[in-house]
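One letter stands for each residue in the lines below.
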Amino acid sequence: MTGTASASARRITDALLEECGRTYAAEAGIRLRDTPQPLYQLLVLSHLLSARIRAPVAVAAARALFAHGMRTPRRMADATWQQRVDALGEGGYRRYDERTSTQLGEGAHLVLDVWKGDLRRLRAEADGDTEVLRAGLRRVQGIGPAGADILVREVQAVWPETGFWVGAKGLQGAERLGLPTSTGRLSDMARDRDRAAFAAALVRAALDRETAETVREAALARS
């Protein structure tokens, strides 16, 4: 990047973080730490966000599930199918509520059976290999490539061995903003910043053209 282009990219990055530099976990009320409960909550959120439904609805549905006590795989598994459906509906997650309720129940049982309810066991299995981590996540019902991408993107705040991760959607956001579209260059820009928040902000720009325009206008105002 030339000096001028680099300065422009820095302004865009600063404006992006100021406008929407917040992880989806934080928006869902998850205080992310390397402990079993918040890691499981992130898995649930990643599942909900990966469906073809608006992100704010997925976040609201996650908050509703957690408010009804379904914050651990044991509590999720012990809830009835209807209780999960009702909580999803309360969050506005109605299009896929019945199928998702089934998947959440089955996924909770798998997490309990395979990792004893603790996703840190999966982290240990992956041993720093992000592809192994993503493959393990895809064993969980309802978690496909998109859901695995979301979890890895958000968990990098507490599992730094994943490296900087933005996923395909984050790269789309970078392109929309006129930022570099290589993970290496974006990683350089994320240095000394909250990497997970930066990656989530890029995704928000990809999902909402208005957000991207607001960021670009704010960046221009800084020049």
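The coordinates are above.
Position labels on residues start from 1 in each chain and follow its written sequence. The model is predicted, so local features are restricted to residues of pLDDT at least 70 and side-chain atom pairs to those at 80 or more, both for listing and for counting; the totals for chains, interfaces and linings are taken over all residues. Calculation of side-chain values draws on the structure's entire complement of heavy atoms; hydrogens and water are dropped beforehand.

Here we come to the packing of aromatic side chains. Stacked, tilted and edge-to-face are the three classes assigned to paired rings of Phe, Tyr and Trp, where Trp is represented by its six-membered ring and a pair needs centres within 6.5 Å; plane angles under 30 degrees give stacked, over 60 edge-to-face, the rest tilted. Evaluated as defined, the whole model comprises one aromatic pair. Aromatic side chains Phe164 and Phe198 sit 6.0 Å apart centroid to centroid with 15° between the ring planes, which places their arrangement in the stacked category. A residue pair is termed long-range when its members are at least 10 positions apart, and Phe164 in the loop between helix H10 (145–155) and helix H11 (167–177) and Phe198 in helix H13 (residues 195–207) qualify at 34 residues. This pair shows no difference in class: Phe164 is buried, exactly as Phe198 is. Put simply, a charge is over a ring when the Lys NZ or the Arg CZ is close to the ring centre, within 6 Å, and near the line of the ring normal, within 35 degrees. Positioned over the ring face of Tyr24 is Arg204, at 4.0 Å from the centre of the ring. Working definition: helices are DSSP H or I runs of at least four residues, strands are E runs of at least two. Numbering for both runs from the N terminus. Accessible area is worked out with a 1.4 Å probe on protein chains only. A residue is then buried under 20% of its type maximum, exposed over 50%, and partly exposed in between.

Bringing helix H3 (residues 36–49) into the picture now. Taking 1.5 Å as the rise per residue, H3 with 14 residues should run 20 Å; its terminal C-alpha atoms sit 20 Å apart, in good agreement. Summarising burial for H3: twelve of the 14 residues are buried, a large majority. For H3, every residue scored as buried is listed here: Pro38, Leu39, Tyr40, Gln41, Leu42, Leu43, Val44, Leu45, Ser46, His47, Leu48 and Leu49. The span one expects for a helix is its residue count, reduced by one, times 1.5 Å.

The next thing to look at is the packing of H13 against helix H14 (residues 209–222). Between H13 and H14, the shortest axis-to-axis distance is 5 Å and the interhelical angle comes to 115°. Along its contact with H13, which presents Arg204, Ala205 and Leu207, the element H14 presents Arg209, Thr211 and Ala212. Only C-alpha atoms enter the line fits that serve as axes; for helices the fit covers just the stretch in contact. Angles between N-to-C directions range over 0 to 180 degrees. Here, residues are in contact when the closest pair of their heavy atoms is within 4.5 Å.

What follows concerns the nonpolar core. Counting residues in each nonpolar core, the largest one holds 53 residues, and the members touching the most others are Leu43, Leu45, Leu48, Leu65, Tyr93 and Leu137. Setting aside residues no more than four positions away along its own chain, Leu137 makes contact with Leu43, Leu122, Ile143, Ala148, Leu151 and Val152. Side-chain atoms within 4.5 Å link the members of a nonpolar core, which is a set of buried Ala, Val, Leu, Ile, Met, Phe, Trp, Tyr and Cys residues. Counting residues in each nonpolar core, the second largest holds 21 residues, with Ala9, Leu16, Met189 and Phe198 among its members.

Here we come to helix H9 (residues 130–137). Looking at H9, one finds that the buried residues are Thr130, Leu133, Arg134, Gly136 and Leu137. For H9, the arc enclosing every buried residue in end-on projection is 160°, short of the 170-degree limit, so these residues lie on one face. On its buried face, H9 is in contact with H3, helix H7 (97–115), helix H8 (120–126) and H10. Polar contacts, as used here, are pairs of N or O atoms within 3.5 Å; protein pairs need one atom able to donate a hydrogen and one able to accept it. Residues neighboring in sequence count only if both atoms are side-chain atoms. The N-cap residue of H9 is Asp129: its side-chain oxygen and the backbone nitrogen of Glu131 are 3.0 Å apart. Picture the helix axis, draw a direction to every C-beta atom, and the arc is the one those directions span.

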